[in-house]
Amino acid sequence: IPTLVRSQSEFQCSTGDQSAPQGNCPGGHLNTSGIWVCPPQDNPCDCTTDDCICIRVVGAADPNDILGPEGYGEQQWVAMKDRLTYMIRFENDPEFATAPAQVVRVELPIDAELDPFTLQLHGFGFGAYYYQLNSAPSFYSDRITGTADSLGVYVDITAGLDVVNRKAYWTFRSIDPNTGLVPLDPLKGFLPVNDTTLSDTIARPGEGFVNFSLKPITTAETGDTAQAQASIVFDQEPALATNEWSN
């Protein structure tokens, strides 16, 4: 019985029969749902019983980066009074991804030479959708419903400053309009597998970004270095780090 699920594992193979699971799939383990999960195999559907369930796992994958002020010279010098503007970009890479991303989390630990309380959110976007925040708030939360016709989901966006952990964060969450929850269908999500055959002048469906700015701390001195490196998580995948931007 072919089916689709989201998982960190590439394949799972199970009869679903708890009465004699070890005889059907030796070397496996009973998961939290009471299903016997087989160890990885060269042929994931090579079970010893006819009622074996082969689960093809799908998921999202992303390369990503961060861009900041170009500044001057090789060390990208900026003035201590300048507001430093950054962009974090992410993509659902077609070379690795097999499904849309449903939830994307972006985090940026704020460097000691930058003042977290000067955080301003300038905008964000994904695919053909771009949202500019003219008021440049330090916190933002909204549900985007205009995506339902094209993507089949609403998108909840929450962004702001985590004061305790000294980091900026953004969360994009796909919402099923019928249930108000993250979709059960793994092929529904706000960030489709990217189409890299499109021209750079066209908004590609599987790409997204966030824009924001910070100012140096008031006690910064000439020669101090401000660094910025974000991490991005697609669904249940491990966090991936961007490059490090330095001024």
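In the block above lies the structure referred to throughout.
Summarised in this report is the structure supplied together with it. Quick caveat: nothing in here was measured; it's all calculated off a predicted structure.

## Describing the overall build of the protein chain
Looking only at helices and strands, one finds two helices and 18 strands in the protein chain. Per-residue burial over the protein chain gives 42% buried out of 247 residues. Across the protein chain, every contact between residues at least 6 apart in sequence was considered, and the portion connecting residues at least 24 apart equals 65%. For the protein chain, the exposed area adds up to about 13300 Å²; of that, 51% sits on carbon and sulfur atoms.

## With respect to the environment of D224
Along the chain, D224 falls in the loop between β14 (207–216) and β15 (227–228). The class for D224 is partly exposed, based on a relative accessible area of 34%. When the C-alpha atoms of D224 and W77 are compared, they prove to be 9.9 Å apart, with 147 residues separating the residues in sequence. A polar side-chain atom of D224 sits 2.8 Å from the main-chain amide nitrogen of E221.

## Section: the nonpolar core
Formed by 36 residues in total, the largest nonpolar core has its most connected members in I88, V104, L108, W170, F172 and F212. Looking at this core element by element, the count peaks at five residues for strand β9 (residues 114–126). Setting aside chain neighbours within four positions, we find F212 in contact with L84, T85, Y86, I88, L108, L119, Q120, L121, H122 and W170.

What counts, and where the lines are drawn
Within each chain, residues carry numbers counting from 1 in the order of the written sequence. Per-residue local features are limited, in this predicted model, to residues with pLDDT of at least 70; the limit for side-chain atom pairs, both in listing and counting, is 80 or more; totals at the level of whole chains, interfaces and linings are taken over all residues. Side-chain metrics rest on all non-hydrogen atoms present in the structure, leaving aside hydrogens and water. By definition, any uninterrupted DSSP run of H or I lasting at least four residues is a helix, any uninterrupted run of E lasting at least two residues is a strand, and each is numbered from the N terminus. Throughout, exposure labels follow a simple rule: accessible area from a 1.4 Å probe, protein chains only, divided by the maximum for the residue type, with under 20% read as buried, over 50% as exposed, and the rest as partly exposed. It only takes one pair of heavy atoms within 4.5 Å for two residues to be counted as in contact. Working definition of accessibility: Shrake-Rupley area with a 1.4 Å probe, residue cover restricted to the visible protein chains. Pairing of N or O atoms within 3.5 Å defines a polar contact, subject to two protein rules: one partner must be a possible hydrogen donor and the other a possible acceptor, and residues neighboring in sequence count only if both atoms are side-chain atoms. Take the buried residues of types Ala, Val, Leu, Ile, Met, Phe, Trp, Tyr and Cys, join any two whose side-chain atoms come within 4.5 Å, and each joined set is a nonpolar core.

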